[in-house]
Amino acid sequence: MLTKRNYPTFSLVLILCGGFVCAAVPIPSNLDGFPYRNKPVDPGTVVIDAFFDPICPYSRDAWPPLKRALRHYGRRLALTLHPFPLPYHDNAFVASRALHIVNGLNNSATYRMLEAFFSHQEKFYNNNTKSKSKDDTVDEVVDFVSHVTGKSYKPSVKSAFQDRLTDLITRVSFKYACSRGVTGTPSFFINGFQLAGDDQIDYKGWRSILDPLIKKQSAK
């Protein structure tokens, strides 16, 4: 399975703008992403933007230590998650679309849905769905989402997958990530600047990155 580490020059897609390939991306009416716990950002808060693919094993492994850091710092740290469906994960777009659908129906369940995808990624790996049609896979995702969020949501989830709007907002997430130069998952930005280096940061790694920033903010 291709990963951020060995995926080639996907960023070339962003470079091919010689006046005939590049086109302006319409500005969306809302900010992209899902705020963690839907909490407002206080002045002086350190802000992380995380780009995750719900079908990416590295995104899955990166979430627990980041979640632990969020609990440790409380209101001093804020997170916005941006779904970025990698093109070589066949079902990443439909899973990312499911996150948008759940967020629209009940935004308190968005991260629970993300964790459910992380816990059952294998169901939606390429090899496990290669013999299924796209419609069959969508139906399986609808069942999976309704199992996590509650069976009463199933008609709304199924209807949302037939609504072009949910397709478009998922494309906006992909385009937003591309506009920030994101080429793989997980990718992180802190206070607007991309975090360079290893994408697999453990809890101690997050503490070593965030402690100095939090202390500077506290001093102010």
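This text goes with the structure placed above it.
In this report, we go over the structure that sits alongside the text. (Residues numbered from 1 in each chain as written. Predicted model: local features only at pLDDT ≥ 70, side-chain atom pairs only at ≥ 80, totals over all residues. Heavy atoms only, no water.)

**Quick notes on the packing of aromatic side chains**
Where two aromatic rings form a pair, the distance of their centres and the angle of their planes describe that pair. Within this structure, the stated rule accounts for 13 aromatic pairs. Between Phe84 and Phe174 the ring centres are 5.2 Å apart and the planes differ by 15°, which places this aromatic pair in the stacked class. Of this pair, Phe84 sits in the loop between strand 3 (77-83) and helix 3 (92-105) while Phe174 sits in helix 8 (residues 164-179); the two residues are 90 residues apart in sequence, bridging distant segments of the chain. Considering the side-chain rings of Phe188 and Trp206, the 5.1 Å spacing of their centres and the 90° angle between planes classify their relative orientation as edge-to-face. Separated by 18 residues along the polypeptide, Phe188 in strand 4 (residues 187-190) and Trp206 in helix 9 (residues 203-219) bring together distant segments of the chain. (Phe/Tyr/Trp six-rings, centres within 6.5 Å; stacked < 30°, edge-to-face > 60°. Helix = DSSP H or I, 4+ residues; strand = E, 2+ residues; numbered from the N terminus.)

**Side note on helix 7 (residues 154-161)**
Taken together, the buried positions of helix 7 are Val157, Ala160 and Phe161. The buried residues of helix 7 occupy an angular sector of 100° when projected down its axis, which confines them to one face. Elements that come into contact with the buried residues of helix 7 comprise helix 3, helix 6 (134-149) and helix 8. (Buried < 20%, exposed > 50% of the residue type's maximum accessible area, 1.4 Å probe, protein only. Arc of directions from axis to C-beta. Contact = heavy atoms within 4.5 Å.)

**What to know about the pairing of strand 4**
In summary, the side chains of a regular strand alternate between the two faces of the sheet. Burial along strand 4 is two-sided: Ser187 and Phe189 and Phe188 and Ile190, pointing in opposite directions, are all buried. Here strand 4 runs beside strand 5 (residues 193-194); their pairing, made up of two bridges, is antiparallel. Paired with Ile190 across the strands is Phe193, a residue of strand 5. Where strand 4 folds back onto strand 5 in an antiparallel hairpin, the turn is made up of two residues, including Asn191, whose phi is positive at roughly 50°. (Pairing = 2+ DSSP bridges.)

Read these as spatial facts, not as claims about activity.
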